[in-house]
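Listed here are the chains, written in short residue letters.
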Amino acid sequence: MSQASQLIVALKRILKARHISYVDVAKHLDLSHASVKRLFSQQRFSLATLEAICQLAGLELSDLVQEACAAPALHYLSAKQEAELVADTKLLLVTVCVLNHWSLAQILATYQLSEIEGLQALLRLDKLGLIRLMPENRVKLLVARDFAWQPDGPIHRFFRERIQYDFLDAQFMASDELLRFHHAMLSPQAVVRFKQRLARLLQEFAELHQDSHDAPERQGTSLLLALRSWEPAAFAALRRPGA
């Protein structure tokens, strides 16, 4: 792919992420919708046109170049890298906030961190490859849409240890809360099918997270899914030998 094509692909990706349509671009450039579609299909932009579209998207032309030249998105960290995050509560807090598209200013206004502590955390995340620290302390995420923590890795263990006495320590009666427990007798084939449906649900949850990036109001929302062959220990104690 040519460098010019990389720029246009990056520009289209940014416009989509910021919910800016070709219609919006046409109005901003004072062109027809068809003309804008032709510009993108033929990839024939003047420098002035590129700068104007970048202005609409709220970024500098240099930001677009960096986006086009960005390294491949990160899909996961190593167990050693995750352990480094878990070992420092403030670093882990900043990590979670950044992955949820918080700015440094928002983090410092919400949590008891000094500006030096916040900057040090961002520099460590930059070194780990999770982010690129930009001028004016802006953050560019370098993770893929399907970024995930290591299965049974340090991060998963950190949160699993806190599920019983923290996350589940609630009545789940508020309008934005839900807790359900269901039991069924399923065939192995049915379990496989249901796990596939849960995987699609998790993907939708991740997509909603991305779609809410620029929403004026957001709240931390956690989802817990658990599925395994199980019966209460009190029931198991009553089983006949060999049953």
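Residues numbered from 1 in each chain as written. Predicted model: local features only at pLDDT ≥ 70, side-chain atom pairs only at ≥ 80, totals over all residues. Heavy atoms only, no water.

K.L.:
What is the right way to read the packing of aromatic side chains from this model?
P.N.:
All told, the structure shown has seven aromatic pairs when counted by the stated rule. Ring centres of Phe40 and Phe45 lie 5.0 Å apart, and the angle between their planes is 75°; this geometry places the pair in the edge-to-face category. Like Phe40, the residue Phe45 is buried in the burial classification. With centroids separated by 5.1 Å and ring planes inclined at 85°, the aromatic side chains of Phe158 and Phe159 adopt a geometry described as edge-to-face. A relative accessible area of 41% means that Phe159 is categorised as partly exposed. Put simply, the rings of Tyr22, Phe40 and Phe45 pair up and form one aromatic cluster. (Phe/Tyr/Trp six-rings, centres within 6.5 Å; stacked < 30°, edge-to-face > 60°. Buried < 20%, exposed > 50% of the residue type's maximum accessible area, 1.4 Å probe, protein only.)

K.L.:
Mind showing me how you'd approach the environment of Ala148 here?
P.N.:
The residue Ala148 is located in the loop between β2 (139-141) and α10 (154-167) in this model. Once the C-alpha coordinates of Ala148 and Tyr76 are considered, the two residues, 72 residues apart in sequence, prove to be 5.6 Å apart. What Ala148 contacts, discounting residues up to four positions off in sequence, is His75 and Tyr76. (Helix = DSSP H or I, 4+ residues; strand = E, 2+ residues; numbered from the N terminus. Contact = heavy atoms within 4.5 Å.)

K.L.:
Whenever I open this one, the pattern of salt bridges confuses me. Can you help?
P.N.:
When their charged atoms lie close together, side chains carrying opposite charge are able to pair. Considering all chains together, one arrives at seven salt bridges under this definition. One salt bridge in this structure joins Arg138 and Asp63, with 3.7 Å as the shortest N-O distance. Here Asp63 lies in helix α5 (residues 61-68) and Arg138 lies in the loop between β1 (131-133) and β2, a separation of 75 residues in the sequence. Relative accessible area serves as the criterion here: at 13%, Asp63 is assigned to the buried category. As a salt-bridge pair, Glu117 and Lys90 come within 2.7 Å of each other at their nearest N and O atoms. Residue Glu117 is located in helix α9 (residues 115-128), and its partner Lys90 is located in helix α7 (residues 89-99); the two are separated by 27 residues in the primary sequence. (Salt bridge = Lys/Arg side-chain N within 4 Å of Asp/Glu carboxyl O.)

K.L.:
How should I be thinking about helix α3 (residues 33-42) in this particular structure?
P.N.:
Owing to its 3.6 residues per turn, the α-helix brings residues three or four apart onto one side. Within α3, burial applies to Val36, Leu39 and Phe40. Along the axis of α3, the buried positions cluster into a sector of 90°, meaning they face one direction only. Downstream of α3 by one or two residues, Gln43 has phi in the positive range, about 55°. (Arc of directions from axis to C-beta.)

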